[in-house]
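The lines below spell out each chain.
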Amino acid sequence: MADAQYILPNDIGVFSLDCREAFRLLSPTERLYAHHLSRAAWYGGLAVLLQTSPEAPYIYALLSRLFRAQDPDELRQHALAEGLTEEEYQAFLVYAAGVYSNMGNYKSFGDTKFVPNLPKEKLERVILGSKAAQQHPEEVRSLWQTCGELMFSLEPRLRHLGLGKEGITTYFSGDCTMEDAKLAQDFLDSQNLSAYNTRLFKGVSQDGRACYEVRLASVLSTEPALHSEMTSKLKSYEFRGSHFQVTRGDYAPILQKVVEHLEKSKAYAANSRQEQMLAHYIESFTQGSIEAHKRGSRFWIQDKGPIVESYIGFIESYRDPFGSRGEFEGFVAMVNKAMSAKFECLVASAEQLLKELPWPPAFEKDKFLTPDFTSLDVLTFSGSGIPAGINIPNYDDLRQTDGFKNVSLGNVLAVAYATQREKLTFLEEEDKDLYIRWKGPSFDVQVGLHELLGHGSGKLFVQIQSWYRSGETWDSKFSTIASSYEECRAESVGLYLCLNPQVLEIFGFEGADAEDVIYVNWLNMVRAGLLALEFYTPEASSWRQAHMQARFVILRVLLEAGEGLVTVTPTTGADGRPDARVRLDRNKIRPVGKPALERFLRKLQVLKSTGDVAGGRALYEGYAAVTDAPPECFLTLRDTVLLRKESRKLIVQPNTRLEGSEVQLLEYEASAAGLIRSFSERFPEDGPELEEVLTQLATADARFWKSPSEALSGQA
């Protein structure tokens, strides 16, 4: 069996998103709007399979064929007859649920591969003897032959997402290195092209020079498009001795489905801003234009307080090893009015609270553009994972001039709150009950501050010395550390401002309760810093998850503050195995912790604002270094963290179905089988067609990743 870090355990937590009441309160028109936006999001989310690993589209297609022909209960009887134990079949269900939940066979949180926790030969018998194989023998056998080896392979390069020798990624062809990524970014900057909706494929020209294809995601490929801002960009370029060709049409059949449902949703839009927003999104996905997506995002920012909130596109760059390309995601959610009222009070206090942040006024935006900040109950969230809160859009120029929106995803937070005492690791016994009681409320405060005043603060200086030149963005300039650095800044702002009594009063906490919320918020952060070691790869001296790297950095900053504020002590658990304890002295949070955070935050902001990459890297990578230096011995502690880690929860989402002119909400049980059923019913009209599209798109590009496995060439 595989190492525990590369499997999902049979007892993994599975929870359902509860949005029934919020959906019930929607009008018939709002439900139709939400339905078509959800359809667009789910179709677009399939692109993530093509953004993850060469084999992910084939695995998805194979699983979908299996479970369309036989639901999990029916397939269980066949599997047991083929000699699987109940535990082995459950392991297969958990694996399949994991693939659907992460939109691929790599964890969205940590970018680590996961493999089926059962013998390959047994799974092969189940697949080749299934009803799907009886109905379509050649197709199922071909899918298995294409992805079976890679499904189980844990060759060192395949264990994590990464670039070059460090891992596998399908944002770049297999022969691309970090140097290629940097050259391509410089080329894109020179042409004022965004990397968000691109992939990079490397080749060699007839004269032996490197040649690169920059491929934009769009419905259109070579078709002429009158008056399109993109047509002038689609050509060959010479840049620093290399040949670049800008093309488009990536994910075209998938984006066509997205566009069709965005068109349908326009008929049910609540106002002209939503209509114009959708029109620009349609243009963006049709033409491959990020500028059109920016125009749509401007109308989205202006659409304050909608009953049905949504956003869709190539958004977060966490999983690009270089940190510039966006993963497709789309969400649709309904307003939670009670929590939103608290966030509105926080927004009203924002300008005053910004003055308390520990950097000079010149480093803050000239005018705080009052954002929308709502608590939402998610109906649909497509992509590789679901965050607890979002601050978008990510376009620096829009954030500086037009503003942004904050959303806190209430029913996702409710899942995150669910903590079993017996599974609480690395805390003192006397802290556990307090932690369970206040984790939820403290997380509400932290998410609110993190999104609104963390991501929403600070400005970028343009065109002087080391500052930002025209065309450069935060992501393009700071590249591999940009996401983590910004998350660290936002988390630090949250910790710093939660000490403000006014903030806690907004959320309804005073006196001893307020002090407990502060203590648990800080305790949660230092514990998270220790848990983060799961996402560090010693062999490559690299981090695989931006948020967790950020939390480890904060732990290091607070440890460096000294005076016993935070201690991390190795111990032996009751089971005789290595353990550890995190302690936070609540009486030293203000006198010791606050000044330490103040100094650190000031450095982070000044280096970011001035575009000082060298200084920023030196500071951040210094704190992010994981060594075995005493007293903490973090490399050794990492083994303890892996020994006692709890897998990230899987979340089951509902479907919507149009029956006549009414939209029905379809809910599923909180189990691996329920999650599988939700996906089996997600594309009732065109499931087989979509699987064919995915495998055709994957096969067309398979030559770019021959090195992981020759099996990917010429099959499927």
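Reading the values: the criteria
Residues numbered from 1 in each chain as written. Predicted model: local features only at pLDDT ≥ 70, side-chain atom pairs only at ≥ 80, totals over all residues. Heavy atoms only, no water. UniProt positions renumbered as here; feature names shortened; annotations may be inferred. Helix = DSSP H or I, 4+ residues; strand = E, 2+ residues; numbered from the N terminus. Rg over C-alpha atoms; globule rule 2.2 N^0.38 Å. Buried < 20%, exposed > 50% of the residue type's maximum accessible area, 1.4 Å probe, protein only. Contact = heavy atoms within 4.5 Å. Areas by Shrake-Rupley, 256 points an atom, 1.4 Å probe, with all protein chains shown as cover. Lys, Arg positive; Asp, Glu negative; His and termini not counted. Charge placed at Lys NZ, Arg CZ, Asp CG, Glu CD. Salt bridge = Lys/Arg side-chain N within 4 Å of Asp/Glu carboxyl O. 1 Å grid on protein atoms, 1.4 Å probe; cavity = no way out; pocket = protein on both sides within 12 Å on 5 of 7 lines; lining within 4 Å. Points joined across faces, edges and corners; volume = space filled by probe spheres on them. Nonpolar A, V, L, I, M, F, W, Y, C, P; charged D, E, K, R; others polar. Pairing = 2+ DSSP bridges. Axes fitted to C-alpha atoms, helices over the stretch in contact; angles between N-to-C directions. Parallel < 35°, antiparallel > 145°, perpendicular 65-115°, else oblique. Left-handed = near helix turned anticlockwise from the far one by under 90°. Core = buried A, V, L, I, M, F, W, Y, C linked by side-chain atoms within 4.5 Å. Expected span 1.5 Å × (residues − 1). Polar contact = N/O pair within 3.5 Å; in protein donor to acceptor, adjacent residues only side chain to side chain.

- If you look the protein up in an unreviewed UniProt entry, it shows as Dipeptidyl peptidase 3 from Ursus maritimus.
- As stated in UniProt under Catalytic activity (unreviewed entry), the record for the protein gives "Release of an N-terminal dipeptide from a peptide comprising four or more residues, with broad specificity. Also acts on dipeptidyl 2-naphthylamides."
- Under Subcellular location (unreviewed entry), UniProt gives the following word-for-word description of the protein: "Cytoplasm".

## Considerations on the overall build of the protein
Thought 1: Looking only at helices and strands, the protein has 28 helices and 17 strands in total.
Thought 2: Relative to a compact globule of 716 residues, whose C-alpha radius of gyration would be 27 Å, the protein shows 25 Å and is just as compact.
Thought 3: Along the first, second and third principal axes, the C-alpha set of the protein runs to 70 × 65 × 60 Å.
Thought 4: Among the 716 residues that make up the protein, the fraction classed as buried is 62%.
Thought 5: Residue pairs at least 24 apart in sequence account for 75% of intrachain contacts in the protein once pairs closer than 6 positions are excluded.
Thought 6: Accessible surface computed for the protein: about 26,600 Å², of which carbon and sulfur atoms make up 50%.
Thought 7: With 78 positive and 97 negative side-chain charges, the protein shows a spacing of 2 Å between the two charge centroids.

## Let's talk about the pattern of salt bridges
Thought 1: Counted under the stated rule, the structure contains 56 salt bridges.
Thought 2: For Glu149, the salt bridge is made with Lys120, and the minimal N-O distance between the two is 3.1 Å. Note that Glu149 is positioned in helix α9 (residues 137-152) and Lys120 in helix α7 (residues 120-128), a separation of 29 residues in sequence.
Thought 3: Across the salt bridge formed by Arg581 and Asp579, the nearest N and O atoms sit 3.4 Å from each other. In this structure, Arg581 and Asp579 share a single accessibility class: buried.
Thought 4: Through salt bridges that share partners, Asp71, Asp73, Arg76, Glu86, Glu669 and Arg677 make up one connected network.

## Here's the deal with the UniProt feature "active site" (unreviewed entry) in the protein
Thought 1: Following the UniProt record, one finds the feature "active site" (unreviewed entry) at Glu451.
Thought 2: On the secondary structure map, Glu451 appears in helix α18 (residues 429-454).
Thought 3: Overall, Glu451 belongs to the buried group, its relative accessible area being 6%.
Thought 4: The residues contacting Glu451, other than those within four sequence positions of it, are Phe373, Gly389, Ile390, Asn391, Asn406 and Gly456.

## Looking at empty space enclosed by the protein
Over the atoms a probe the size of a water molecule is rolled, and this reveals where empty space is left.
Thought 1: In the structure shown here, the tally under the stated rule is seven cavities of 30 Å³ or more.
Thought 2: Considering only enclosed or pocket space, the largest cavity measures out at about 110 Å³ in volume.
Thought 3: Forming the boundary of the largest cavity are Leu46, Tyr60, Ser64, Phe67, Arg68, Phe679, Ser680, Phe683, Gly687, Leu690 and Glu691.
Thought 4: Looking at the lining of the largest cavity, the elements with two or more residues in it are α4 (56-69), α27 (672-680) and α28 (687-700).
Thought 5: With four residues, the top contributor of residues to the lining of the largest cavity is α4.
Thought 6: Taken together, the residues of the lining of the largest cavity break down into six nonpolar, three polar and two charged.
Thought 7: Its volume calculated, the second largest cavity comes out at about 90 Å³.
Thought 8: Along the wall of the second largest cavity there are 14 residues; nearest its centre are Leu50, Pro54, Thr170, Ala698 and Trp705.
Thought 9: Contributing elements (two or more residues each) for the lining of the second largest cavity: α3 (47-50), α4 and α28.

## Some details on the sheet that holds strand β8 (residues 372-382)
Thought 1: Sheet architecture is open: five strands sit in the order β6-β7-β8-β10-β9, paired in mixed fashion. Each edge of the open sheet carries a strand with a single partner, namely β6 (308-316) and β9 (389-392). Geometrically, the sheet is characterised by an average inter-axis angle of 35 degrees between neighbouring strands, direction not taken into account.
Thought 2: In the sheet, β9 pairs with strand β10 (residues 405-409) via four bridges, with the strands oriented antiparallel. Each residue of the ladder has a partner; that of Ile390, found in β10, is Val407.
Thought 3: Sheet strands touched by helix α17 (residues 410-417): β8 and β10. Its angle to β8, the strand with the most contacts, is close to 75 degrees.
Thought 4: Here α18 sits on the sheet in contact with β8, β9 and β10, set at roughly 10 degrees to β9.

## A look at the packing of helix α14 (residues 337-348) against α18
Thought 1: Between α14 and α18, the least distance of the axes is 11 Å, while the angle of their chain directions is 45 degrees. Put simply, α14 runs oblique to α18. Two packed elements cross with a definite hand, and for α14 against α18 that hand is right-handed. On the side of α14, the interface is formed by Met339, Phe343, Leu346 and Val347, while α18 contributes Asp444, Gly448, Leu449 and Leu452.
Thought 2: Taken together, the residues of the contact of α14 with α18 sort by class into six nonpolar, one polar and one charged.

## A closer look at the nonpolar core
Thought 1: Counting 115 residues, the largest nonpolar core has Phe67 and Phe285 as the members making the most contacts within it.
Thought 2: A per-element tally of this core places α4 first, with ten residues.
Thought 3: Ignoring sequence-local partners within four residues, the contact set of Phe285 consists of Ala217, Ser218, Val219, Leu255, Val258, Val259, Leu262, His293, Ile312, Gly313, Phe314 and Phe328.
Thought 4: Of all hydrophobic cores here, the second largest spans 90 residues; its members include Met339, Cys498, Val520 and Ile589.

## Quick notes on helix α23 (residues 546-560)
Thought 1: An ideal rise of 1.5 Å per residue puts 21 Å on 15 residues; α23 measures up with 21 Å between its terminal C-alpha atoms.
Thought 2: The buried count for α23 comes to 13 of 15 residues, which makes it a mostly enclosed element.
Thought 3: For α23, the N-terminal cap is Gln545; the gap from its side-chain oxygen to the backbone nitrogen of His547 is 2.8 Å.
Thought 4: Where α23 terminates, the next one or two residues include Gly562, which has phi positive at roughly 75 degrees.

## With respect to the sheet that holds strand β3 (residues 210-217)
Thought 1: Ordered in space as β2-β3-β5-β4, the four strands form an open sheet in which the pairing is mixed. Pairing within the sheet leaves two strands with one partner each, and these edge strands are β2 (198-204) and β4 (236-239). Pairwise comparison of adjacent strand axes, ignoring direction, gives a mean angle of 30 degrees for this sheet.
Thought 2: Pairing between β4 and strand β5 (residues 242-250): four bridges, direction antiparallel.

## Quick notes on the layout of surface pockets
Thought 1: Taken as a whole, the second largest pocket holds about 1,100 Å³ of empty space.
Thought 2: Forming the boundary of the second largest pocket are 45 residues, of which Glu166, Ala540, Ser542, Trp543 and Arg544 lie nearest the centre.
Thought 3: Mapped onto the lining of the second largest pocket, the elements with two or more residues apiece are α20 (482-497), β11 (536-537), β12 (542-543), α23 and α25 (613-624).
Thought 4: Ranked by the residues each element gives to the lining of the second largest pocket, the list is headed by α25, at three residues.
Thought 5: A per-class count over the lining of the second largest pocket returns 15 nonpolar, 18 polar and twelve charged.

## Concerning unusual backbone geometry
Thought 1: Omega for the peptide link from Ile392 to Pro393 comes to 5 degrees, which places this bond in the cis form.
Thought 2: For Pro393, the location among the structural elements is in the loop between β9 and α16 (396-401).
Thought 3: Of the consecutive residues Pro630 and Pro631, the connecting peptide bond is found in the cis state with omega at 5 degrees.
Thought 4: With respect to the helices and strands, Pro631 occurs in the loop between α25 and α26 (634-643).
Thought 5: The phi dihedral of Asp111 is positive, around 60 degrees, even though this residue is not glycine.

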